[in-house]
Amino acid sequence: MDAVRLVKVGQHALAQSRSAPDIVAEAWQAQALAQAIGGHLAATGPPELRGEARGLGEAGGRGCAVLDHPGMRIGGIRAAQLSEVADPAGALTALGGLLGDVAMALVSVACATDEEGLYWQCMEAIDAADESSDRVRGMLRRLTIREQERQERSA
């Protein structure tokens, strides 16, 4: 499945999440998707993105590690369905939006919980989502520069 489509599925699932365990599970899914997209772009993406894409994959992996996954749903790990990143800029833009939504949802969970463990887990997951978002923004900047250089050469 294409990366943009998987991100949209993740956005929909996050929007439908009502309980703290569901939101934490969706945060985990988003970080797993960041890891998968980063890995895919590191292996097959534009050469100028490969180093930053490896960093995104690593950041996504760390994001998964900080979250106690409360159990997989019937659908399993959505990121495992990633088969292509047909539009790297579109996929990264959508992923950046999802990671921002995840961070905001985790803030809500952290503010509403009385469980100290869940609170700190959310804080660490917010930091991980921010790190992944930073990597996404860096990759988008590189793509923008590449496109500008391409246009200058063709002019």
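Structure shown above.
Read on for a plain summary of the structure. These numbers come from a predicted model, not from an experiment. (Residues numbered from 1 in each chain as written. Predicted model: local features only at pLDDT ≥ 70, side-chain atom pairs only at ≥ 80, totals over all residues. Heavy atoms only, no water.)

**With respect to the pattern of salt bridges**
So, step 1. Within this structure, the stated rule accounts for six salt bridges.
So, step 2. A salt bridge links Glu131 to Arg62; the nearest nitrogen and oxygen atoms lie 2.3 Å apart. With Glu131 in helix 5 (residues 116–154) and Arg62 in helix 3 (residues 50–66), this pair connects stretches of sequence that are 69 residues apart.
So, step 3. For Arg62, a relative accessible area of 37% puts it in the partly exposed group.
So, step 4. As a salt-bridge pair, Arg150 and Glu147 come within 3.5 Å of each other at their nearest N and O atoms. Residue Arg150 and its partner Glu147 are both found in helix 5; the two are separated by three residues, about one turn of the helix.
So, step 5. The exposure class assigned to Arg150 is partly exposed, which follows from its relative accessible area of 41%. (Salt bridge = Lys/Arg side-chain N within 4 Å of Asp/Glu carboxyl O. Helix = DSSP H or I, 4+ residues; strand = E, 2+ residues; numbered from the N terminus. Buried < 20%, exposed > 50% of the residue type's maximum accessible area, 1.4 Å probe, protein only.)

**Comments concerning the packing of aromatic side chains**
So, step 1. Per the stated rule, a full pass over the model turns up one aromatic pair.
So, step 2. For the pair Tyr119 and Trp120, a centre-to-centre distance of 5.0 Å together with 85° between the ring planes defines the contact as edge-to-face. (Phe/Tyr/Trp six-rings, centres within 6.5 Å; stacked < 30°, edge-to-face > 60°.)

**With respect to the packing of helix 1 (residues 3–16) against helix 2 (residues 20–44)**
So, step 1. Packing of helix 1 against helix 2 leaves a shortest axis separation of 10 Å and a crossing angle of 170°. In terms of orientation, helix 1 and helix 2 fall into the roughly antiparallel class. Within the contact between the two elements, helix 1 uses Ala3, Leu6, Val7, Gly10, Ala13 and Leu14 and helix 2 uses Ile23, Glu26, Leu33 and Ile37.
So, step 2. Its residues assigned to classes, the contact of helix 1 with helix 2 comprises eight nonpolar, one polar and one charged. (Axes fitted to C-alpha atoms, helices over the stretch in contact; angles between N-to-C directions. Parallel < 35°, antiparallel > 145°, perpendicular 65-115°, else oblique. Contact = heavy atoms within 4.5 Å. Nonpolar A, V, L, I, M, F, W, Y, C, P; charged D, E, K, R; others polar.)

**Considerations on the side chain of Thr113**
So, step 1. Structurally, Thr113 can be placed in the loop between helix 4 (88–112) and helix 5.
So, step 2. With a relative accessible area of 17%, Thr113 lands in the buried category.
So, step 3. Residues within four places of Thr113 in sequence aside, it is in contact with Leu118 and Tyr119.

**Looking at the nonpolar core**
Note on soluble globular proteins: their nonpolar side chains tend to be buried together.
So, step 1. Counting 42 residues, the largest nonpolar core has Ile37, Leu92, Leu95 and Leu106 as its most contacted members.
So, step 2. Elements that contribute at least two residues to this core include exactly helix 1, helix 2, helix 3, helix 4 and helix 5.
So, step 3. Once you skip the residues sitting within four places of it in the chain, Ile37 turns out to touch Ala3, Val7, Leu82, Leu92 and Leu95. (Core = buried A, V, L, I, M, F, W, Y, C linked by side-chain atoms within 4.5 Å.)

**Side note on the packing of helix 2 against helix 4**
So, step 1. Following both chains from N to C, one finds helix 2 and helix 4 inclined at 155°, their axes separated by 10 Å at the closest point. The angle between the axes of helix 2 and helix 4 places the two elements in the roughly antiparallel class. Like other packed secondary-structure pairs, helix 2 and helix 4 cross with a definite hand, here left-handed. Only Pro88, Leu92, Leu95, Leu98, Leu99, Val102, Ala105, Leu106 and Val109 of helix 4 make contact with helix 2, whose side of the interface consists of Ala20, Ile23, Val24, Glu26, Ala27, Ala30, Gln31, Leu33, Ala34, Ile37 and Leu41.
So, step 2. Counted by class, the contact of helix 2 with helix 4 contains 18 nonpolar, one polar and one charged residues. (Left-handed = near helix turned anticlockwise from the far one by under 90°.)

**Regarding the state of the cysteines**
So, step 1. Going through the model one piece at a time under the given rule, you end up with zero disulfides.
So, step 2. Free of any disulfide, Cys64 has its nearest neighbouring cysteine sulfur in Cys122, separated by 15 Å.
So, step 3. Relative accessible area serves as the criterion here: at 10%, Cys64 is assigned to the buried category.
So, step 4. Cys111 provides the cysteine sulfur closest to Cys122, a residue in no disulfide bond, and the two sulfurs are 9.3 Å apart.
So, step 5. Owing to a relative accessible area of 1%, Cys122 belongs among the buried residues under this scheme. (Disulfide = S-S within 2.5 Å.)

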